[in-house]
Amino acid sequence: MASINLIAWDNGRGLTHDIRLFEQALRDLGHDVTVTRAPQRNHGLPWRAWGARLAMRARWLLGKGPARYDLGLTIEHVHPGYLAMSRRNALIPHPEWLSRRDRRYLHRFDTVLCKTDSAMRTFGGELGLPTAQIGFISTDCRREGIPRDRAFLHLAGGSRMKGTEWLLDVWRRHPEWPTLHVLQSPSVAAADRPPAAANLDHQVTFLSDIEEIRRLQNAHLFHLCLSEAEGWGHYIVEAMSCGAVVLATDGAPMNELVTDERGMRVAAHENGTLNAATLWRFDEEALEACVERIIRMSDDEAIGLGNAARAWYDANQAGFPQRLGRAIDDLLKS
């Protein structure tokens, strides 16, 4: 058993979800886990980091804790003030959020634990850093007993990188298509958006009832997840956990999760970069072709793709503890 300090900004959204999943996975592996919720921006050694180090020193002097953690695991942004608290340090990055400031501290990590193949290429290949691939997990969102319709869902949430506005533009050009249900946060919805089309159910609201979100995920057979970039892709994997047919952008790392055997990939082209990630924009004609194919798709084919997605989800969830445990053991033995 190792003492592990899990360091991340608790942003109330994706990072909060990551903290919860990593903490539970590490505890299930038998480790003693401390969660350090760092501020969003942590320049140098601010008072909060100093306070944490002094408190740790006091606990050690009282015989109530280690002098240093065996391992510090930092998610996404680097918080340099906390690194000295651990004998070994590893970064779990999201390439699209790796800022120039974060890059300045990469040399202080013993390894980079990557969620995706594309992250391995970036940090191990382009940047030449020691890496290990751990993948990741997502919440099981399947609910039994919810009737499923051949309906389309796009959970945009509070992200500006889901391809939402482009998707809405394409759907408005096709009044003959079935209804697309869109759930989008008011914080990111376009203020000057055109009037809703007859086949667009565009709900600009924030749903706090998680079971209502789960109902939507399970009630829709087709999920459009057309991300420009992903560090992992929780909303893609959550849709797969429901046995949905996921339409995903055919760009890394989204196309690592969704393949032609367990979903549909929409052709895309590179559309610039964001920090260490490539941005992808789906091709509108390719999306039109995919939707037309879905409209003609038999129930058996759709169910088969959804079942394959669920099977991949199960296998990925089962394999994550071993990958994470092996990476941590190798790091602590080095």
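You'll find the structure just up there.
A few points on the structure. (Residues numbered from 1 in each chain as written. Predicted model: local features only at pLDDT ≥ 70, side-chain atom pairs only at ≥ 80, totals over all residues. Heavy atoms only, no water.)

1. What about the pairing of strand 7 (residues 149-157)?
Looking along a regular strand, one sees side chains alternate from face to face of the sheet. Short version of the rule: At least two DSSP bridges between two strands are needed for those strands to be called paired. Numbering goes from the N terminus for both helices and strands, where a helix is a DSSP run of H or I of at least four residues and a strand is a run of E of at least two. Looking down the strands as they point away from the viewer, one classifies a crossover as right-handed if the path from the first strand across the helix to the second runs clockwise.
In the sheet, strand 7 pairs with strand 10 (residues 220-225) via three bridges, with the strands oriented parallel. Residue Phe152 lies in a different strand from strand 10, and its bridge partner there is Phe222. The pairing of strand 7 with strand 8 (residues 180-184) spans five bridges and is parallel. Its bridge partner being in strand 8, Leu153 is matched across the sheet by His181. Handedness of the β-α-β unit built from strand 7, helix 5 (residues 164-172) and strand 8 comes out right-handed.

2. Looking at the nonpolar core
It is characteristic of soluble globular proteins that their nonpolar side chains tend to be buried jointly. Put simply, the rule reads: Only buried residues count toward a nonpolar core. Its members are Ala, Val, Leu, Ile, Met, Phe, Trp, Tyr and Cys residues joined through side-chain atoms within 4.5 Å. Relative accessibility under 20% of the residue-type maximum defines a buried residue, over 50% an exposed one, and the middle range a partly exposed one, all with a 1.4 Å probe and only protein chains included. The criterion used for residue contact is that any of the two residues' heavy atoms lie within 4.5 Å.
Counting 48 residues, the largest nonpolar core has Phe22, Leu73 and Ile236 as its most contacted members. Looking at which element gives the most residues to this core, the answer is helix 10 (residues 299-333), with eight residues. Setting aside residues no more than four positions away along its own chain, Phe22 makes contact with Leu6, Ile75, Ile92, Lys115, Ile134, Phe136, Phe320 and Leu324. Counting residues in hydrophobic clusters, the runner-up holds 27 residues, among them Trp166, Leu224, Leu226 and Phe282.

3. A closer look at the packing of helix 7 (residues 234-241) against helix 10
Note the threshold: Throughout, an axis means a line fitted to C-alpha atoms (over the contacting stretch in the case of helices), and angles, computed between N-to-C directions, take values from 0 to 180 degrees. Just so you know how the angles are binned, under 35 degrees is roughly parallel, over 145 roughly antiparallel, 65 to 115 roughly perpendicular, and the rest oblique. Charged residues are taken to be Asp, Glu, Lys and Arg, nonpolar residues to be Ala, Val, Leu, Ile, Met, Phe, Trp, Tyr, Cys and Pro, and polar residues to be all remaining types, Gly included.
Where helix 7 contacts helix 10, the two axes come as close as 7 Å, and the packing angle between them is 115°. Considered as vectors, helix 7 and helix 10 are oriented roughly perpendicular to each other. Across the interface between the two elements, Val237, Met240 and Ser241 from helix 7 touch Ala309, Arg310, Trp312 and Tyr313 from helix 10. Of the residues that constitute the contact of helix 7 with helix 10, the class distribution is five nonpolar, one polar and one charged.

4. Topic: the environment of Gln217
Using the following cut-off: Under the rule applied, a polar contact is a pair of N or O atoms within 3.5 Å (in protein, one hydrogen donor and one hydrogen acceptor; residues adjacent in sequence only if both atoms are side-chain atoms).
Structurally, Gln217 is set in helix 6 (residues 210-219). Along the primary structure Gln217 and Glu176 are separated by 41 residues, whereas in three dimensions their C-alpha atoms are 24 Å apart. Leave out the neighbours within four places in its chain, and Gln217 touches Cys141, Arg148, Leu153, Leu155, His223, Glu238 and Cys242. Among the polar contacts made by the side chain of Gln217, one reaches the side chain of Arg214 at a distance of 2.9 Å.

5. Brief notes about the sheet that holds strand 4 (residues 86-92)
Ordered in space as 2-1-3-4-5-6, the six strands form an open sheet in which the pairing is parallel. Edge positions in the open sheet fall to strand 2 (32-38) and strand 6 (131-133), since each of these has one partner strand only. Shown here is a sheet whose adjacent strand axes are inclined to one another by a mean of 25°, direction ignored. For strand 3 (residues 69-75) and strand 4, the ladder comprises six bridges, and the chain directions are parallel. In the strand pairing of strand 4, Leu71 is matched with Arg88. In the packing of helix 1 (residues 14-28) onto the sheet, the strands contacted are strand 1 (3-9), strand 2, strand 3 and strand 4, and the crossing angle to strand 1 comes to about 170°.

6. Thoughts on the sheet that holds strand 8
Strands sit in the order 9-8-7-10-11-12 across an open sheet of six strands; the sheet is parallel. Pairing within the sheet leaves two strands with one partner each, and these edge strands are strand 9 (200-204) and strand 12 (264-266). Put simply, the sheet's adjacent strands are angled 20° from each other on average, direction ignored. Alignment of strand 8 against strand 9, held across five bridges, turns out to be parallel.

7. Comments concerning the packing of helix 5 against helix 9 (residues 284-296)
The test is simple: A clockwise turn of the near helix away from the far one marks a right-handed crossing, whereas an anticlockwise turn of less than a right angle marks a left-handed crossing.
Running from amino to carboxyl end, helix 5 crosses helix 9 at an angle of 60°, the nearest separation of the two axes being 11 Å. It follows from the interaxial angle that helix 5 and helix 9 lie oblique. Along this stretch, helix 5 crosses helix 9, giving a crossing that reads as right-handed. Where helix 5 abuts helix 9, its residues Leu167, Val170 and Trp171 lie against Glu284, Leu287, Glu288 and Val291. Tallied by class, the residues present in the contact of helix 5 with helix 9 amount to five nonpolar, no polar and two charged.

8. Details of the environment of Ala49
Relative to the elements of secondary structure, Ala49 occurs in helix 2 (residues 47-61). Residues Ala49 and Ala38 lie eleven residues apart in sequence; the distance between their C-alpha atoms is 8.1 Å. Residue contacts for Ala49: discarding those within four places in its chain leaves Gly81 and Tyr82.

9. A few points about the packing of aromatic side chains
What characterises a pair of aromatic rings is the spacing of the ring centres plus the angle enclosed by the ring planes. How we decide: What counts as a ring pair is set by centres within 6.5 Å for rings of Phe, Tyr and Trp (its six-membered ring), and what kind of pair is set by the plane angle: stacked under 30 degrees, edge-to-face over 60, tilted for all other angles. When the NZ atom of lysine or the CZ atom of arginine is within 6 Å of a ring's centre and also within 35 degrees of its normal, the charge is said to sit over that ring.
In total, this model carries eight aromatic pairs according to the counting rule given. Ring geometry for Trp166 and Phe282: centres 6.4 Å apart, planes at 75°, overall edge-to-face. Of the two residues, Trp166 sits in helix 5 while Phe282 sits in strand 14 (residues 277-282), which places them 116 residues apart along the sequence. With respect to burial, Trp166 and Phe282 carry one shared label: buried. Over the aromatic face of Phe136 sits the side chain of Lys115, whose NZ or CZ is 4.1 Å from the ring centroid. If you follow Lys162 out to its NZ or CZ, it ends over the ring of Tyr235, 4.0 Å from the centre.

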